[in-house]
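For reference, the chains in residue letters:
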Amino acid sequence: MGFPIPVRLAPAFLLIAVALCPMFGQPAPNGPQKNYNIQEFDKDCGQPGHNCQRAFQLAFQTLARNGGGILQVPAGRFPISFPGVPENTPGGVTLPPRNLIVVSPNTMIQGHVGADGKPDSVIEWRNTSIPVFVFVKANHSGMRNLHIQFTGTMAHAYPFGDIVLLKALGYHPMFPHLNQMSGNNGEMFSFAYVFDSDYCTFDHLLFDSATHDNEHTFSMAINLKGKGVVETTGGGLTQPAESNRITNVQVYDFYNGFLVAGQNHFLMQNITADRRGSAPNTAPGHVLYTTSTLQYDMAAHLVNSLFSTDTIIENITEGPDTYHDASAGGTLAIKFLNRAVISNVVSEHPDGLIQTIYVDQNVRFKDMRWTSHYPLCGKFPNACATPAIYSAGSPSNLPRTANLTFDNISIVSTASPTTVLLIGDNLRVNNLQITTPADFFPGQKATNAVLSVKDTNGAVIRDYVFTPVIDRYDPQKRYNSPFTGWNPSKNVSAQVTVKWPAGVPMPEKAAILSGGYQDKSPESNNTLQSAVIKR
């Protein structure tokens, strides 16, 4: 664009993708791995309607005694159900240990791949109150080449929290609440629940539902936690798990695909998602939700919060098809990451790209594209005002968001307005393209901005281009501005270009063409270089 920009050294974390690659190797268990077949433990497993729960329990008990191995699941359909386990009811019930399927360490659950390259070993599940497979102290275990199909219906109540799960697994939690590892009881509605486990691999998997509508969506494919269960002085987990990975996974018919918390050297790669729904009375869902590992004292006061560190997330695609959007969120929710690279993300989900960025440090967002032609404001006026990329400030008892970089980001919304809100010190934005109507949102009273920065010190915004979707400028109508630096923002340097559509008469002066800062004082040291060009 030709604007002069202050020269600053690139932060060291930008080299993370190169520097960390050797760290993602996974030490293998010693010795050759023995092969088992699930039908060795129950010859009827795989027959129509036959419950394979006991077969998997016996298999993992056998592999645990023998040091692990590969559990082969041949082509076919393998239903798993949990008779007698309450579902879709409030809490206050117990969970006998005999109901759980606990995966042994050094164990790979491996399916068969058909001639079309897709897994044709199908594990069917329908329960909503407890995980199907619990990976606990299951180092070097995982799942590969499996089709996981949900055959139940969405739950509206969840009887168990993770305290009940911990007790059933032989832990002795003292925390006086329902959950110490999870946000709520709904997290038990996961196919695989993983904690106290390192070097787990989940590869070449397909998750979907047998019935394609919102009432038959499932909650989580994989729920990944840290390790070190607190059993005496409060609640939570004490340290990140090491080098777990999720790769080459397709997920459909869900409302929150993967939840990841408390990880070190975590790798997520090659994820394809579509047909997302949403569930009432739950937090908005996402393809990937990274969040914190918290520690509490016995009075449930926060003592410590562990980040996931040295994370690589790349090649995530989410399609445009949805069942329900009223309680859905963007493709990603990125919270509590330190030293991470998130790249090559392509989303068409109508709610947005990233909702929310929260308590993150040293994260690079690179080569990301969000496109929507869905009239979200017309369909869900109460849900459409959340920015396509949305950041929230840190509370006083948690670290501030800092050192975020956004490189080569494209945001396109043609049927409803959208915005981007970035928060944090030392922001770097390079080549941000936003194409959207600049119209007010339903119920909006005051002028907002297409791109906002807030609560930042030292932000540098280069090559930001706003292209308004407009076929006629109406001087009686109110529009949002291209850019605003909201208080408190200091030492911000911004380049803003408005690319006005050809064939539309351009006003001489209007909010749709100009940006600025709330704090215009010399002490703020905020600068803005703006230009308007015609396409």
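Below or above, wherever it landed, is the structure these notes cover. (Residues numbered from 1 in each chain as written. Predicted model: local features only at pLDDT ≥ 70, side-chain atom pairs only at ≥ 80, totals over all residues. Heavy atoms only, no water.)

Things to note about the overall build of the chain
At step 1: Helices and strands together make up the secondary structure of the chain, namely four helices and 36 strands.
At step 2: Radius of gyration (C-alpha) of the chain: 25 Å, near the 24 Å computed for a compact globule of 535 residues.
At step 3: Looking at the chain residue by residue over its 535 residues, the buried ones come to 58%.
At step 4: Expressed as a percentage of contacts within the chain between residues at least 6 apart in sequence, the contacts between residues at least 24 apart total 76%.
At step 5: For the chain, the accessible surface area stands at approximately 20,800 Å², while carbon and sulfur atoms represent 51% of it.
At step 6: The positive charge centre, built from 37 side chains, and the negative charge centre, built from 39, are 4 Å apart in the chain. (Helix = DSSP H or I, 4+ residues; strand = E, 2+ residues; numbered from the N terminus. Rg over C-alpha atoms; globule rule 2.2 N^0.38 Å. Buried < 20%, exposed > 50% of the residue type's maximum accessible area, 1.4 Å probe, protein only. Contact = heavy atoms within 4.5 Å. Areas by Shrake-Rupley, 256 points an atom, 1.4 Å probe, with all protein chains shown as cover. Lys, Arg positive; Asp, Glu negative; His and termini not counted. Charge placed at Lys NZ, Arg CZ, Asp CG, Glu CD.)

Describing the pattern of salt bridges
At step 1: Under the counting rule described, the total for this entry stands at 14 salt bridges.
At step 2: Residue K227 pairs with D198 through a salt bridge whose shortest N-O separation is 2.8 Å. Of this pair, K227 sits in strand β12 (residues 227–229) while D198 sits in the loop between β9 (190–195) and β10 (201–209), and the two are 29 residues apart along the sequence. For the residue pair K227 and D198, the accessibility class agrees, reading buried in each case.
At step 3: In this structure, R339 engages D310 in a salt bridge whose closest nitrogen and oxygen atoms are separated by 2.5 Å. Taken together, the positions of R339 in strand β24 (residues 337–347) and D310 in strand β22 (residues 308–318) put the pair 29 residues apart, joining distant regions of the chain.
At step 4: In this structure R339 comes out as partly exposed when scored by relative accessible area, which is 33%.
At step 5: Residue D310 is classed as buried on the basis of its relative accessible area of 8%.
At step 6: One connected set of salt bridges, linked through shared partners, spans R400, D425 and D455. (Salt bridge = Lys/Arg side-chain N within 4 Å of Asp/Glu carboxyl O.)

Topic: the pairing of strand β15 (residues 245–254)
At step 1: Of all ten residues making up β15, seven are buried, and the element is well covered by its neighbours.
At step 2: Pairing analysis gives eight bridges linking β15 to strand β18 (residues 267–276), with the strands arranged parallel. For F254, the partnering residue across the bridge sits in β18 and is R276. (Pairing = 2+ DSSP bridges.)

Here we look at the pairing of strand β34 (residues 493–500)
At step 1: Along β34, seven of the eight residues are buried, which leaves the element largely enclosed by surrounding structure.
At step 2: By the bridge criterion, five bridges tie strand β32 (residues 460–468) to β34 in an arrangement that is parallel. Bridge pairing links V465 to T497 in β34.

Considering the state of the cysteines
At step 1: The full count for this structure, using the stated rule, is two disulfides.
At step 2: Paired by a disulfide, C377 and C384 hold their sulfur atoms 2.3 Å apart. Given an S-S torsion of about 95 degrees, the disulfide between C377 and C384 has right-handed geometry. The residues C377 and C384 share a single accessibility class, namely buried.
At step 3: With its bonded cysteines labelled in order along the sequence, the chain shows the pairing 1-2, 3-4. (Disulfide = S-S within 2.5 Å.)

Topic: the environment of A221
At step 1: With respect to the helices, strands and loops of the structure, A221 is situated in strand β11 (residues 220–224).
At step 2: By relative accessible area, which is 0% here, A221 ends up buried.
At step 3: Separated by 140 residues in sequence, A221 and Q361 place their C-alpha atoms 27 Å apart.
At step 4: Dropping the residues within four chain positions of it, A221 is found in contact with F191, A192, F207, N256, G257 and F258.

Points about the side chain of S104
At step 1: Relative to the elements of secondary structure, S104 occurs in the loop between β4 (102–103) and β5 (107–110).
At step 2: Relative accessible area serves as the criterion here: at 2%, S104 is assigned to the buried category.
At step 3: Side chain to side chain, S104 and T107 meet in a polar contact 2.6 Å long. (Polar contact = N/O pair within 3.5 Å; in protein donor to acceptor, adjacent residues only side chain to side chain.)

A closer look at the environment of V113
At step 1: Summarising the element assignment, V113 is placed in the loop between β5 and β6 (121–125).
At step 2: As for V113 and L146, which are separated by 33 residues in sequence, their C-alpha atoms are 8.1 Å apart.

A few points about helix α2 (residues 53–65)
At step 1: Along its 13 residues, α2 runs 19 Å from first to last C-alpha, staying within 8% of the 18 Å computed at 1.5 Å per residue.
At step 2: Every buried residue of α2 is listed here: Q53, A55, F56, Q57, A59, F60, T62 and L63.
At step 3: Once α2 ends, the next one or two residues include G67, with phi positive near 85 degrees. (Expected span 1.5 Å × (residues − 1).)

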